[in-house]
Amino acid sequence: MKFDLLKALQSCHRRWKYYFQQGHDDPTGCHNVFVYLQGSDEFVLETFNVFGNYDESTPHVIFIGTKKNLSKSICYGGQVIGLDATFGITCYKTYSLFAIMGRCEGGAYPLGYFIASSKGEVAVREGLLLFRMAATKVLKSIQCLSVDEEFTPQAVCIDTDDAENNAVRHVFPTASIILCHYHFMTNMVNEVRADRHCLDMDGKKELMNVIRQLASSRTVGMFKQQLERMQALSVSFYEYFKKNYLNERWVSTFSEVNRLHLPLSTQRLCRSNMLTEVSFRTLKYIVFGGYVNKRLDYLLYCICFKLYPYFQRRTEYLSKEQGKARFLVHVDTKYLGTMMYK
């Protein structure tokens, strides 16, 4: 068996960082980054309860944006924005990073990030409020909004998270909520396969076909028709679906009935949260190089000086390559990702 020295060294380094740096952080570094960002003309730093004690009702929230990206909020996020969170990016186990992503010609476009000490409704709401305030201020400074207007997207795409759902309804009450199609169908596949519904293979296939047609329904009549077919195929599954998805929070989020007012490109291309997943994978595997990050100050630094510049370079590069195929093989992904990062 061939011994790979590089992989062995990387494995040892990961173990060392896990055991000896798991709880390590430097408040001086965070203070220095804060001071720099507050005096910068390029970045926008907004905070909530950063210097006090925190819990679910009063979390720590740090919003970081750039004036250049926020100035594109209407252009790249006026129709729909994606919102999602990821964990394991600092030594603080409860802290999570939220990405607010728009869509441009080159794909994902970060409009803002906020770090929160919780993933509860209060933390998400405060993060979205900081984003809305920052975007509105920047857009007014370039006269894209009138004095009495506030930035709000037409729709927000989220996964099956009640905290995000309630927070979006509070901050952007006029925006439609789009349940990520990938997360929705993954939940459906897992539930259809459950033994408690007593479905054979043909029954599972037929029920999944009904669910697909339900998600693509464009009229209330089509929607009700597929629900009747679902109930006829499996009463137990219909009861599960009624309890979890036919309620006030989610009934309008997973089908196209309530998305007909959006442009067709938005209906088809922006009904999943893959744009936020692109951002998180870029941070973890290109910026962090696959290593586990433990320091909050390094996370703040990387968002400002590595993640935002990466997407800016990526957007410019892909915009120039319009008309060319964007299919990347494994080697191309590694090469292009590394070159655009550098």
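Right above here is the structure, for reference.
Counting its regular elements, the chain contains 14 helices and seven strands. Sorting the 342 residues of the chain into buried and exposed places 47% on the buried side. The contacts in the chain between residues at least 6 apart in sequence include a share of 63% that link residues at least 24 apart. Here the chain has roughly 18,100 Å² of accessible surface; of this, 54% comes from carbon and sulfur atoms.

Any two side chains of opposite charge can pair, on the condition that their charged atoms come close. This model, assessed by the stated rule, comprises six salt bridges. In this structure, the salt-bridge partner of E150 is R132, at a minimum N-O distance of 3.8 Å. Here E150, found in the loop between α5 (121-141) and β6 (155-158), pairs with R132, found in helix α5; they are 18 residues apart in sequence, far enough to count as distant. Between E191 and R196 there is a salt bridge; the shortest N-O distance is 2.8 Å. The buried category is assigned to E191, whose relative accessible area is 8%.

Membership of the largest hydrophobic core comes to 56 residues, with the highest contact counts inside it found for L83, L128, F131, F184, I211, M230 and F241. Here this core takes nine residues from α5, the largest share from any one element. Look past the residues within four positions of F241 in its chain and what remains in contact with it is F184, M188, L214, L227, M230, L246 and F254. Counting 32 residues, the second-largest nonpolar core is a separate cluster that includes L37, F43, A108 and I303.

What follows concerns the environment of I115. On the secondary structure map, I115 appears in strand β5 (residues 107-116). With near-sequence residues (within four places) excluded, I115 lies in contact with H60, V61, I62, Y95, S96, L97, L296, L299, L300 and I303.

For a regular strand, side chains alternate in direction, first toward one face of the sheet and then toward the other. Here strand β7 (residues 176-179) shows a buried face lined by S176 and I178 and a second buried face lined by I177 and L179. With four bridges connecting them, β6 and β7 associate as parallel partners. In the sheet register, C157 faces β7, and the bridge partner there is I178. In terms of handedness, the path from β6 via helix α6 (residues 162-171) over to β7 forms a crossover that is right-handed.

Calculation notes
- Residues numbered from 1 in each chain as written.
- Predicted model: local features only at pLDDT ≥ 70, side-chain atom pairs only at ≥ 80, totals over all residues.
- Heavy atoms only, no water.
- Helix = DSSP H or I, 4+ residues; strand = E, 2+ residues; numbered from the N terminus.
- Buried < 20%, exposed > 50% of the residue type's maximum accessible area, 1.4 Å probe, protein only.
- Contact = heavy atoms within 4.5 Å.
- Areas by Shrake-Rupley, 256 points an atom, 1.4 Å probe, with all protein chains shown as cover.
- Salt bridge = Lys/Arg side-chain N within 4 Å of Asp/Glu carboxyl O.
- Core = buried A, V, L, I, M, F, W, Y, C linked by side-chain atoms within 4.5 Å.
- Pairing = 2+ DSSP bridges.
- Right-handed = clockwise from strand over helix to strand, strands pointing away.

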